[in-house]
Amino acid sequence: MSVDHSPSWLRRFTDQPLGFFTTAECFVFVSAFLAGMVFRKRSEKLGFVAARSSSIDRAGRIYRAHLVTVSFAFVLGSFFLSDLPGIRYLLDHYLVNPWTAIPGSLALLFRPPLMDILPIYVLFSLLTPLAFWAAQRWEWRTVLLVSFSGWLIAQSHASDLLLTTAKDLSFVQLGPFDLLAWQFLWVGGLFVGQRFVENKSLLPATHWFRLLLGFPVIVFLFWRWISIANGPDPITQSWLFDKWHLGPLRLINFALAALVTATFLRYINRWELFLRPFLLIGRHMLPVFCSQICLSLLLIGRAESGLTNEPAISVLTICQLLTAPLFAWFLERRSLAERSARPALPTLVTRRRIALERTRINLLPSPAVRQPASHPL
């Protein structure tokens, strides 16, 4: 079940205008790319065990953030449902049987809409050290082949059989994303990220090859615009462009667009001032993302119930979007303040140690002073 509380003008503006892929593919791939870079660098500097521990700690932080957002949703559903009736269909399983939904959420089996993203990142963060371990033992070619095989199996919608079997279990709500398909995008991002550390190119960097890549991207772009203007055609509604199972043409469109975009990364420093709000959001992505989920729950509670009209929804949506850079800026300022305060603490401790050492020295008898001899009584 997909959730979209945004007003109609915003949906038209953000309805995949760059191709047949959404921000979900972008976030997953970029997160995997950065995870691959960090894991490779940390593994080379501190060893594989340290890199694995860091990745597991990251999964733990994401898991705790998931529990916070789910708890916030459960509190709204338990005590403020009359004020926010729009969240009823988000938490229908919880409202039917909360005592099974709570342990289900702890086990990552109960993932309502909007709260099904963080569990995916928990599982993929745990997949990261396993992928690097397998790559060290059997090389990345084998790892990518196994991952690609999983994606092929996902195209048969095998996971739908599992969802159909578990649909009557109140503590199971796995969400629409097929993890067997999306893991291929994550493993591919890990491979590209660690390859980037080696400063090796994935494909030929010749000028004609870049032009050749740009042509199908333009074709997909115009095809998408035509489908938005004239309505979707049967092909775009088929399994070839399926979002939840990451259809083949959708995956190809994203891969080509990513390769073309990568050629312009060298010029990103020129836009650093303009991109600073987005950079801050990326640096504090986890708390910012959790805050946006909580705000979306509040907005859905009013918007989907019809208690708020369209102009007010538009204003509230814009305010919600603006809170992301503002909250990231606040977190950055707090982080800088804590970082600047850390050197002062060791300095104070060092001064105290020096003072205690001087006091101890002053209390000791000087070797030049003759001590009285001790006589037995």
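Summarised in this report is the structure supplied together with it.

With that out of the way, let us pick up the overall build of the chain. What the chain contains, in helices and strands, is 14 helices and 0 strands. Reading the secondary structure of the chain in the N-to-C direction produces α-α-α-α-α-α-α-α-α-α-α-α-α-α. Across the 377 residues of the chain, 36% fall into the buried class. Counting contacts in the chain only where the partners sit at least 6 residues apart, residues at least 24 apart contribute 80% of the total.

Applying the stated rule across the entire model yields 3 salt bridges. Between Glu25 and Arg250 there is a salt bridge; the shortest N-O distance is 2.6 Å. Of this pair, Glu25 sits in helix α2 (residues 23-46) while Arg250 is found in helix α10 (residues 248-262), placing the two residues 225 residues apart along the sequence. Judged by its relative accessible area of 1%, Glu25 is buried. Here Glu332 makes a salt bridge to Arg283, at a shortest N to O gap of 2.7 Å. Pair noted here: Glu332 is in helix α13 (residues 310-341) and Arg283 is in helix α11 (residues 272-283), with a separation of 49 residues, a long-range link.

Right, let's talk about the packing of α2 against helix α6 (residues 117-154) for a bit. Between α2 and α6, the shortest axis-to-axis distance is 11 Å and the interhelical angle comes to 45°. With respect to their mutual orientation, α2 and α6 come out oblique. α6 is crossed by α2, and the crossing has right-handed handedness. Along its contact with α2, which presents Phe27, Val28, Ser31, Gly36, Phe39, Arg40 and Ser43, the element α6 presents Tyr121, Thr128, Pro129, Phe132 and Gln136. Here the residues of the contact of α2 with α6 are counted per class, giving 6 nonpolar, 5 polar and 1 charged.

What follows deals with the packing of aromatic side chains. Each aromatic ring pair is summarised here by two numbers: the centre-to-centre distance and the angle between the ring planes. Overall, the coordinates contain 19 aromatic pairs when judged by the stated rule. Their ring planes at 40° and their centres at 6.0 Å tell us that Phe74 and Phe110 sit as a pair that is tilted. Of this pair, Phe74 sits in helix α3 (residues 48-79) while Phe110 sits in the loop between α5 (98-106) and α6, and the two are 36 residues apart along the sequence. Owing to a relative accessible area of 9%, Phe74 belongs among the buried residues under this scheme. Since its relative accessible area comes to 0%, Phe110 is described here as buried. Chaining the aromatic ring pairs together yields one cluster made of Phe39, Phe48, Phe132, Trp140 and Phe191.

A few words now on α6. Relative to the 56 Å expected for 38 residues at 1.5 Å per residue, α6 spans just 19 Å between its end C-alpha atoms, considerably shorter than the ideal helical length. Its axis deflected by about 120° at Trp138, α6 carries its strongest bend there.

Between its first and last C-alpha, helix α12 (residues 285-303) extends 26 Å over 19 residues, near the 27 Å set by a 1.5 Å rise per residue. Along α12, the residues classified as buried are Leu286, Val288, Cys290, Gln292, Ile293, Cys294, Ser296, Leu297, Leu299, Ile300, Gly301 and Ala303.

The rules behind each value
Residues numbered from 1 in each chain as written. Predicted model: local features only at pLDDT ≥ 70, side-chain atom pairs only at ≥ 80, totals over all residues. Heavy atoms only, no water. Helix = DSSP H or I, 4+ residues; strand = E, 2+ residues; numbered from the N terminus. Buried < 20%, exposed > 50% of the residue type's maximum accessible area, 1.4 Å probe, protein only. Contact = heavy atoms within 4.5 Å. Salt bridge = Lys/Arg side-chain N within 4 Å of Asp/Glu carboxyl O. Axes fitted to C-alpha atoms, helices over the stretch in contact; angles between N-to-C directions. Parallel < 35°, antiparallel > 145°, perpendicular 65-115°, else oblique. Left-handed = near helix turned anticlockwise from the far one by under 90°. Nonpolar A, V, L, I, M, F, W, Y, C, P; charged D, E, K, R; others polar. Phe/Tyr/Trp six-rings, centres within 6.5 Å; stacked < 30°, edge-to-face > 60°. Expected span 1.5 Å × (residues − 1). Bend = angle between axes of the 7 residues up to and from the residue.

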